[in-house]
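# Coordinate inspection notes
The chain contents come next:
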There are 4 protein chains.
Amino acid sequence: MPLITEAAAGVFVIAVTPFTPQGAIDYASLDSMVDFYLEKGASGLTLLGMMGEAPKLTGAESLAVVKRVLARVGGTTPIVVGVSAPGFAPMQELGSQVMDAGAAGVMVAPPSSVRTDDQVYSYFETAAAMLGDTPFVLQDYPLATGVQISTAVINRIVQALPTCVMLKHEDWPGLNKIGALRAASDRGEARRISILCGNGGIFLPEELSRGADGAMTGFAYPEMMVEVCKAHAAGDVERAHDLFDAYLPLARYELQPGLGLQIRKHILARRGVIASAALRAPAGRLSPGDLADIERLIARQERKLAELG
Amino acid sequence: MPLITEAAAGVFVIAVTPFTPQGAIDYASLDSMVDFYLEKGASGLTLLGMMGEAPKLTGAESLAVVKRVLARVGGTTPIVVGVSAPGFAPMQELGSQVMDAGAAGVMVAPPSSVRTDDQVYSYFETAAAMLGDTPFVLQDYPLATGVQISTAVINRIVQALPTCVMLKHEDWPGLNKIGALRAASDRGEARRISILCGNGGIFLPEELSRGADGAMTGFAYPEMMVEVCKAHAAGDVERAHDLFDAYLPLARYELQPGLGLQIRKHILARRGVIASAALRAPAGRLSPGDLADIERLIARQERKLAELG
Amino acid sequence: MPLITEAAAGVFVIAVTPFTPQGAIDYASLDSMVDFYLEKGASGLTLLGMMGEAPKLTGAESLAVVKRVLARVGGTTPIVVGVSAPGFAPMQELGSQVMDAGAAGVMVAPPSSVRTDDQVYSYFETAAAMLGDTPFVLQDYPLATGVQISTAVINRIVQALPTCVMLKHEDWPGLNKIGALRAASDRGEARRISILCGNGGIFLPEELSRGADGAMTGFAYPEMMVEVCKAHAAGDVERAHDLFDAYLPLARYELQPGLGLQIRKHILARRGVIASAALRAPAGRLSPGDLADIERLIARQERKLAELG
Amino acid sequence: MPLITEAAAGVFVIAVTPFTPQGAIDYASLDSMVDFYLEKGASGLTLLGMMGEAPKLTGAESLAVVKRVLARVGGTTPIVVGVSAPGFAPMQELGSQVMDAGAAGVMVAPPSSVRTDDQVYSYFETAAAMLGDTPFVLQDYPLATGVQISTAVINRIVQALPTCVMLKHEDWPGLNKIGALRAASDRGEARRISILCGNGGIFLPEELSRGADGAMTGFAYPEMMVEVCKAHAAGDVERAHDLFDAYLPLARYELQPGLGLQIRKHILARRGVIASAALRAPAGRLSPGDLADIERLIARQERKLAELG
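Note that the structure is predicted; figures quoted are calculated from it, not measured.

On to the relation of the copies chain A and chain B, then. With an RMSD of 0.0 Å, the operation that places chain A on chain B is a rotation of 180° combined with a shift of 0.0 Å along the axis. The superposition of one copy onto the other is thereby described by a two-fold rotation axis.

So, in structure tokens, the structure goes:
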């Protein structure tokens, strides 16, 4: 299995973890979901992310999910696995297990306790040492972690830690951070790494214009991200925006903290991608008002896409 | 000057505070901005909110801004003033000053130190006592304050404190909270108060469908909020969404934390509403990439509005 | 193995996890540490707490540590195991494993994301359901978790969840919370549960006066806590304070966030309880100044204890 | 009035603000409190600190308190005034007012929103620019502000901003930070500034050993801090610890977050220093158990001091 590198680009979909209504992992849906993502044009998949209900899985289940997905993609598609943990030993253990199983790399977010520049850097220095030669994705997601990582610290990590090959950029939206990182690598001050963007894709066209290589996030319509990236790569920026705008009302709706994953799973089940929209406890529940909103937004989205052709 | 009541509805625009490039308050632009907001259909204005750079003003300046706006609107439009402060004495002092000057009510957000239900309730109980018979807006904005206010606590405040006449709803987006509050007042369990929504308006059509009375937020195109509310009130929900969708790409862009106010002031200056886009220090600066994004988004927005008719 | 109940009292020492200088678990030191704690009069032990470097252990190591300690105490002493985790599945898995192995109960702290009263209650309701009939300790430690739990919420949990048998009271110092909980159970409004106090014991005499049943915390001289509890139980409150005061300068010094565990392990190694003071990475290092402070404080403590007789 | 400089040393007592039971500022008690602090050996006073109920004062009251104290000390004792504010304009306004009135310097803590090293530095850079040539104290109090300031950032501030003449060191307890700052100035890498320590004095002997110049904090027995500093300066470190240990049980008790100020004011009133222990709302209330604890601790303290001679 090839590893992720600084050259990674395109859309790495943050996969959900399908459950049965009884709360068991639904492996058949896991397979169909993988097929769906690949069919829609995903360049890679990311498992056990924050939106993958990773903390609700036992260690054994986490590994089983990764192995099932690896078997399904059959070595053709890079699989990144979230290994963030309160301590380094479980991170190292899971990292080693998934790399042995054939993953292409891992993703690490800092714990909320690190604050100063040196603390952030030291955290990743130790993480990189624990992970050995496994390539890793630096997840920069202040809204969820509470950790602000400056551009200078990212460059310091990139320069000192050669296994840091990708930034999952989720600093809402941090467009100028992308620009500053690209300017630093253009000036030769830092290695150029892959930058894939998060936040449910709701800044994707602008992120691509600033130098991002694609997206690593989730949305019930991953084809939006794939098509926007394609149009952008083809130089048709207005077309990229047209596509994006058609999906934006729903993408914005799905981005609601707390409720977003329920919306995403509901739509994936509605599209036939997974058998059930069930989340493991604790989970909220979509209200009739939420369901009505979703139906309206989907209908409007379909009309707009039809108009676009 | 009439006071705000539970019946308040429509769009209360969160006003910016215009400065000259040298950092002085630009009173002429304050006047033209007020005229612009009223001309676009604002039902009221809210001053000294978080997006009004209130903490950058001295006490004397705050009062001067309020008085200038009150003089400009001439008693026809209700003016709400943000009086949140680290302690109750400054809150009471400013509240009393602005009400004496003719404001229609004040707005209060809890400090980040309150956490439990009783702490939140007690905070507003004391605030209401300090404010006397001044009607106040409860600002529920967890993303900024870190304080989660449950529906039960809001209802407890509404029932116990008759001067709480409005909720500035900004619990991203908390659509089901609106529904729960309306259900409680429909069942007679709580007084029905005005609910005006925030978050830059990016959930406005759905909020109106759940029972909100309008919006209290800022956006460089306040006419979007006014027109969406009008179409919704007229029963044309699809038209409300059509209008909303045309503005959403830019509204989303303007909602960026940290950078959003610079974007808003830039566009207001570009529209001729205020003379300068200057913020008081500390302030970031829009990059060439930001400016290019804004131009593209405005051009696209104008095309879509033209198509809509 | 008997389970913990509402009647638990005395000192449950929060055990450290001994490592070799190379970072391996030092099982021989684990044995000698257990012997030491029991010899000093511990009524129970608590493993895998925040001060036990629990997040630095893999799942397999965590279980191995618990089993080794259970084997050493041989069923005579109740062992409580911290099972707090970002999600319920790992909590349930570890809880089930350690109870099968013979633990007397588990300890649960809420994640920092829960805020409102209902959120706190719901968290423990779900946790209790996941843990089945396992008795659990509610850990109330706002300084570490950021979660404020009101007395009313604790009583609600105690009334609704019969498996909640103990409070680890660590709300710095929350003496009046102890009083309020005892008053509620005295009035028959809530079940009387065991209250064991934390914070390194630095409020222990006052906590006992308010109705606490003992301590659940760590200190390099656990005999302090045991002797203070004994003197208090014997009605000699002044003697309890005399003993406490002799140890307080060092207890205060050991309570330093971040550095405290290094100090504790250093002294335990100095006392011959464990072979090495090593912590697993990430770990700070005691400076020459720290070591000089510790030597001075120990010498002074020994003089005062000698004077006390 | 002389200004504070890098050579400031001794004890700057953080003054409380006395109120009448009806909530008015008690200026007579303010005078007697000032006399008391000076009589006990204070080298300076700090007003409008976090423990001075500063946010509960209006702007006019804040200035009146400062002027009254300045009149009372008559130019012989340096008065530092806390000017931390959510924005720079109020900070500048209050700073300018109190310096005009004769204060010796001001104190600034960063807002909780600054996180990265550059953000912390920039905050102080702007604050220093706003304050002009007013000497200022950098307050480093992570437990209250949530802001971690690394030693490197402090040195950067000290080097770039000549008006930063003092550190109020309150990084619980950060003994090694003192050592690192002193080592840096010894090596000529940074200007040597005054370091006065906080945290209610509960690490004072150790802080002095690491190179601190004294204390800037509050305690109902400021003579403890003065005497500890004197004994330490005279080279009698054991005597410094003996004195410290006699007061430590009460100092620890007074340090309770939330309740500490009530305890301090209660004891100051009990000692006849101020007429009433009243706090302005919001304020808790000492329970009978708290009062009994305090009486016991004072009686024990008096016995120990009598033994010490």
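Looking now at helix H1 (residues 27-39) of chain C. All names here are of chain C. Given a rise of 1.5 Å per residue, 13 residues ought to cover 18 Å, and the 18 Å separating the end C-alpha atoms of H1 matches this to within 8%. Restricting attention to buried positions, one finds in H1 the residues Ser 29, Leu 30, Asp 31, Met 33, Val 34, Phe 36 and Tyr 37. Packing partners of the buried residues in H1 comprise strand S1 (10-14), strand S2 (44-47), helix H2 (59-73), helix H9 (222-233) and helix H11 (260-270). For H1, the N-terminal cap is Asp 26; the gap from its side-chain oxygen to the backbone nitrogen of Ala 28 is 3.3 Å. Following H1 by one or two positions, Gly 41 has its phi on the positive side, about 105°.

Each partner contributes to the interface: chain C provides 32 residues, whereas chain D provides 32 residues. Carbon and sulfur atoms supply 51% of the area that chain C and chain D bury against each other, a total of about 2800 Å² over both sides. On inspection of chain C and its partner chain D, the count reaches 18 salt bridges. Arg252(D) is paired through a salt bridge with Glu206(C); the nearest N and O atoms lie 2.7 Å apart. Broken down by element, the residue count for the side of chain C that touches chain D peaks at 10 residues, all from helix H10 (residues 237-254) of chain C. Residues belonging to the side of chain C that touches chain D are distributed by class as follows: 15 nonpolar, 5 polar and 12 charged.

By the definition in use, this model includes 30 aromatic pairs over all chains. Arranged with centres 6.3 Å apart and planes meeting at 10°, the rings of Phe124(B) and Phe136(B) form a pair that is stacked. Of this pair, Phe124(B) sits in helix H4 (residues 117-131) while Phe136(B) sits in strand S5 (residues 136-140), placing them 12 residues apart in sequence. Phe124(B) sits in the buried class, given a relative accessible area of 0%. Considering the side-chain rings of Phe219(C) and Tyr247(C), the 6.3 Å spacing of their centres and the 85° angle between planes classify their relative orientation as edge-to-face. Here the residue Phe219(C) occupies a position in the loop between strand S8 (214-217) and H9, and Tyr247(C) occupies one in helix H10, the gap between them amounting to 28 residues. Each member of the pair Phe219(C) and Tyr247(C) is classed as buried. Here the aromatic cluster, defined as three or more aromatic residues joined through ring pairs, consists of Phe88(A), Tyr123(A), Phe124(A) and Phe136(A). The side chain of Arg156(A) reaches across the aromatic face of Tyr121(A), ending 3.9 Å from its centre.

Residues and elements named next belong to chain D. Pairing is parallel in the closed barrel, where 8 strands are placed in the order S1-S2-S3-S4-S5-S6-S7-S8. Across the sheet, the mean angle separating the axes of adjacent strands is 25° when strand polarity is ignored. Bridge analysis of strand S1 (residues 10-14) against strand S8 (residues 214-217) gives 4 bridges, and the strand direction is parallel. Paired with Val 11 across the two strands is Ala 215, which belongs to S8. In the packing of helix H7 (residues 175-186) onto the sheet, the strands contacted are strand S5 (136-140), strand S6 (164-169) and strand S7 (194-197), and the crossing angle to S7 comes to about 170°.

Residue and element names in this part refer to chain A. Look at the UniProt record and you will see "binding site: pyruvate" (unreviewed entry) annotated at Met 216. Secondary-structure assignment places Met 216 in strand S8 (residues 214-217). Excluding residues within four positions of it along the chain, Met 216 makes contact with Phe 12, Ile 14, Thr 46, Val 80, Met 107, Met 166, Lys 168, Leu 196, Cys 197 and Gly 198.

The next subject is the relation of the copies chain C and chain D. Structural alignment of chain C on chain D gives an RMSD of 0.0 Å, achieved by rotating through 180° and translating 0.0 Å along the axis. In this assembly the copies share their binding face: 100% of the residues contributing to the interface of chain C also contribute to that of chain D.

Time to look at the interface of chain A and chain B. With 32 residues of chain A in contact, the opposing surface of chain B contributes 32 residues. Interface area, chain A with chain B, both sides summed: about 2800 Å², of which 51% is carbon and sulfur. Linking chain A with chain B are 18 salt bridges. With a shortest N-O distance of 2.6 Å, Arg210(A) and Asp293(B) are connected by a salt bridge.

So, about the sheet that holds strand S4 (residues 105-108) of chain B. Residues and elements named next belong to chain B. Pairing within the closed barrel is parallel, and its 8 strands lie in the order S1-S2-S3-S4-S5-S6-S7-S8. Recorded for the sheet is a direction-independent mean angle of 25° between the axes of neighbouring strands. As paired elements, strand S7 (residues 194-197) and strand S8 (residues 214-217) share 2 bridges and run parallel to each other. Considered in S8, the bridge of Leu 196 is made with Gly 214. The strands touched by helix H7 (residues 175-186) within the sheet are S5, strand S6 (164-169) and S7, with S7 carrying the most contacts at an inclination of about 170°.

Let's shift gears to empty space enclosed by the protein. On inspection of all chains with the given rule, the structure shows 10 cavities of 30 Å³ or more. Of the pockets and cavities examined, the largest cavity occupies roughly 110 Å³. In this structure, the largest cavity is lined by Trp172(A), Ile202(A), Phe203(A), Leu248(A), Arg252(A), Leu255(A), Trp172(B), Ile202(B), Phe203(B), Leu248(B), Arg252(B) and Leu255(B). Within the residue set of the lining of the largest cavity, elements represented by two or more residues are helix H10 (237-254) of chain A together with helix H10 (237-254) of chain B. Looking at the lining of the largest cavity residue by residue, the classes come out as 10 nonpolar, no polar and 2 charged. In this structure, the second largest cavity encloses a volume near 70 Å³. If you go around the second largest cavity, the residues you meet are Ile154(D), Asn155(D), Val158(D), Leu181(D), Arg182(D), Ser185(D), Ala190(D), Arg191(D), Arg192(D), Ile193(D) and Ile195(D). Classifying every residue of the lining of the second largest cavity by side-chain character gives 6 nonpolar, 2 polar and 3 charged.

Take the side chain of Glu170(A) next. All names here are of chain A. Locating Glu 170 in the fold gives a position in the loop between strand S6 (164-169) and helix H7 (175-186). For Glu 170, a relative accessible area of 6% corresponds to the buried category. Within the structure, the side chain of Glu 170 is placed 2.4 Å from the side chain of Lys 168, a separation counted as a polar contact.

To continue, consider the pattern of salt bridges. This model, assessed by the stated rule, comprises 112 salt bridges over all chains. Among the ionic pairs, Glu295(A) bridges to Arg270(A), the shortest N-O distance being 2.8 Å. Within this pair, whereas Glu295(A) is found in helix H12 (residues 288-308), its partner Arg270(A) is found in helix H11 (residues 260-270), the two being separated by 25 residues in sequence. Judged by relative accessible area, Glu295(A) falls into the partly exposed class, the value being 35%. Assessed through its relative accessible area of 40%, Arg270(A) is described here as partly exposed. Residue Glu189(B) is joined to Arg187(B) by a salt bridge in which the shortest nitrogen-to-oxygen separation is 2.7 Å.

Turning next to the packing of helix H4 (residues 117-131) of chain A against helix H6 (residues 151-160) of chain A. Residues and elements named next belong to chain A. One way to put it is that H4 packs onto H6 with a least axis distance of 10 Å and a crossing angle of 30°. By the angle between their directions, the pair H4 and H6 is classed as roughly parallel. The two elements H4 and H6 cross, and the hand of that crossing is right-handed. Here Asp 117, Asp 118, Val 120, Tyr 121 and Phe 124 of H4 come into contact with H6, specifically with Val 153, Arg 156, Ile 157 and Ala 160. Of the residues in the contact of H4 with H6, the class split is 6 nonpolar, no polar and 3 charged.

Our next topic: the side chain of Arg115(C). Note on placement: Arg115(C) falls in the loop between strand S4 (105-108) and helix H4 (117-131). Look at Arg115(C): it is buried, it has no salt bridge, and the nearest opposite charge is Asp117(C) at 11 Å. With near-sequence residues (within four places) excluded, Arg115(C) lies in contact with Arg115(B), Gly146(B), Gln148(B), Val120(C) and Gly146(C).

Rules used throughout
- Residues numbered from 1 in each chain as written.
- Chains lettered and ligands numbered in written order.
- Predicted model: local features only at pLDDT ≥ 70, side-chain atom pairs only at ≥ 80, totals over all residues.
- Heavy atoms only, no water.
- Least-squares fit on C-alpha atoms with pLDDT ≥ 70 in both.
- Helix = DSSP H or I, 4+ residues; strand = E, 2+ residues; numbered from the N terminus.
- Expected span 1.5 Å × (residues − 1).
- Buried < 20%, exposed > 50% of the residue type's maximum accessible area, 1.4 Å probe, protein only.
- Contact = heavy atoms within 4.5 Å.
- Polar contact = N/O pair within 3.5 Å; in protein donor to acceptor, adjacent residues only side chain to side chain.
- Buried area = accessible area lost by both parts, 1.4 Å probe.
- Salt bridge = Lys/Arg side-chain N within 4 Å of Asp/Glu carboxyl O.
- Nonpolar A, V, L, I, M, F, W, Y, C, P; charged D, E, K, R; others polar.
- Phe/Tyr/Trp six-rings, centres within 6.5 Å; stacked < 30°, edge-to-face > 60°.
- Lys NZ or Arg CZ within 6 Å of the ring centre and 35° of its normal.
- Pairing = 2+ DSSP bridges.
- Axes fitted to C-alpha atoms, helices over the stretch in contact; angles between N-to-C directions.
- UniProt positions renumbered as here; feature names shortened; annotations may be inferred.
- 1 Å grid on protein atoms, 1.4 Å probe; cavity = no way out; pocket = protein on both sides within 12 Å on 5 of 7 lines; lining within 4 Å.
- Points joined across faces, edges and corners; volume = space filled by probe spheres on them.
- Parallel < 35°, antiparallel > 145°, perpendicular 65-115°, else oblique.
- Left-handed = near helix turned anticlockwise from the far one by under 90°.
- Lys, Arg positive; Asp, Glu negative; His and termini not counted.

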